[in-house]
Amino acid sequence: MTQRGRATRPTGRPRRADGPRGGDRAGAPRGGDLGARRARLREVIEPVVDGAGYDLEDLSVSRAGRRHVVRVIVDADGGINLDAVADISRAVSAALDAAEEAGGDIVAGEYQLEVSSPGVDRPLTLPRHWRRNVGRLVKVTVRGATALPEQRAAGDRQVTGRVVEADDERVVLETDAGRAEHRYADLGPGRVQVEFTRLDEIDEADEFDEADETGETSETDDNDEDDVEDEER
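Definitions and cut-offs
- Residues numbered from 1 in each chain as written.
- Predicted model: local features only at pLDDT ≥ 70, side-chain atom pairs only at ≥ 80, totals over all residues.
- Heavy atoms only, no water.
- Phe/Tyr/Trp six-rings, centres within 6.5 Å; stacked < 30°, edge-to-face > 60°.
- Helix = DSSP H or I, 4+ residues; strand = E, 2+ residues; numbered from the N terminus.
- Buried < 20%, exposed > 50% of the residue type's maximum accessible area, 1.4 Å probe, protein only.
- Expected span 1.5 Å × (residues − 1).
- Bend = angle between axes of the 7 residues up to and from the residue.
- Contact = heavy atoms within 4.5 Å.
- Pairing = 2+ DSSP bridges.
- Axes fitted to C-alpha atoms, helices over the stretch in contact; angles between N-to-C directions.
- Parallel < 35°, antiparallel > 145°, perpendicular 65-115°, else oblique.
- Left-handed = near helix turned anticlockwise from the far one by under 90°.
- Nonpolar A, V, L, I, M, F, W, Y, C, P; charged D, E, K, R; others polar.

Trainee: Help me out: how do you make sense of the packing of aromatic side chains in this one?
Mentor: Where two aromatic rings form a pair, the distance of their centres and the angle of their planes describe that pair. What the rule picks out here adds up to 1 aromatic pair. Seen from their ring centres, Trp-130 and Tyr-184 are 6.3 Å apart, and the 40 degrees between their planes marks the pair as tilted. With Trp-130 in helix α3 (residues 127-131) and Tyr-184 in the loop between β8 (178-183) and β9 (191-192), this pair connects stretches of sequence that are 54 residues apart. Neither Trp-130 nor Tyr-184 differs from the other in exposure class; each is buried.

Written as structure tokens, this is what we have:
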């Protein structure tokens, strides 16, 4: 099974201390508007990710001490490895540089760019998420439904099963009771269940734990860790 998970390669680019910052420049979002920053960032980042053949799964902006942290989550069919994460990180950083040269600061002050692939704890909310997890064990809430029109709706229920098939309309889960087909409209967010007895999961955890130890922490100021605001997604 293709390895996926917490392959993170952060990069940071300090801003100039001189000159106008953030919302003081024409066309730049106001300093306190994280939502506006996130929208502007998406305008710049999404075409870069799409052009490289990947999907932009999530983009968030948070504040940590004196700097902002821009987190970009990317994925693709077959997963994404550390080399691809590094390539995308460089391409996104270059695009942000170009956008700021053309139109002023997108993120006021210093910021750190972090690009990663989705971890196994990311919820499955879109058909492509389910398709990319064929073969994995997943827990999901099946919303109340009836087998026949005259039956009363049953309550929601938790189902744990292995993803056997997935397309744009529905997913097939293998459970202890057999195979069952579900429309995505009848499902809540799915959660991948880590199976520690499966060799591929163990190898994956080892690989990405090592990557984390040499990545993100090396570029985070100790003084910044005490002052972290909630992310706006």
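Trainee: Help me understand helix α1 (residues 34-51) in this model?
Mentor: The periodicity of an α-helix, 3.6 residues per turn, causes residues three or four positions apart to be oriented the same way. With 18 residues, α1 should cover 26 Å at 1.5 Å per step; its first-to-last C-alpha distance of 26 Å lies within 8% of that length. The sharpest bend along α1 measures roughly 30 degrees and falls at Arg-42. All of the buried residues in α1 are Leu-34, Arg-37, Leu-41, Val-44, Ile-45 and Val-49. Structurally, α1 contributes buried residues whose contacts are with β2 (55-64), β3 (67-75) and α2 (82-103). Of the residues trailing α1, Gly-53 is marked for its positive phi of about 90 degrees.

Trainee: I keep staring at the sheet that holds strand β5 (residues 137-142) and nothing clicks. Help me out?
Mentor: Consider a sheet: its strands pair through backbone hydrogen bonds, and that pairing is either parallel or antiparallel. Here we have 5 strands laid out as an open sheet, ordered β8-β7-β6-β5-β9, and antiparallel in their pairing. Two strands bound the open sheet, and with one partner strand each, they are β8 and β9. Judged from the 2 bridges that link them, β5 and β9 form a sheet pairing that is antiparallel. In the sheet register, Lys-139 faces β9, and the bridge partner there is Arg-191.

Trainee: Could you clarify how one ought to interpret the environment of Leu-59 in this entry?
Mentor: Note on placement: Leu-59 falls in strand β2. What makes Leu-59 buried here is its relative accessible area of 0%. Each C-alpha atom of the pair Leu-59 and Val-72 lies 4.8 Å from the other, and the pair is 13 residues apart in sequence. When near neighbours in sequence (up to four residues on either side) are disregarded, Leu-59 contacts Arg-38, Leu-41, Arg-42, Ile-45, Val-70, Arg-71 and Val-72.

Trainee: Got a minute to help me understand the packing of α1 against α2 in this structure?
Mentor: Axis angle and axis distance: for two packed helices, these are the angle between their axes and the distance between the axes, and together they describe the pair. Put simply, α1 and α2 touch, their axes get as near as 9 Å, and they point 135 degrees apart. Taken as axis vectors, α1 and α2 run oblique relative to one another. You can see that α1 and α2 cross each other, and the crossing is right-handed. Two secondary-structure elements touch here, α1 through Arg-40, Leu-41, Val-44, Ile-45, Val-48 and Val-49 and α2 through Ile-88, Ala-91, Val-92, Ala-95, Leu-96 and Ala-99. Among the residues forming the contact of α1 with α2, the class breakdown is 11 nonpolar, no polar and 1 charged.

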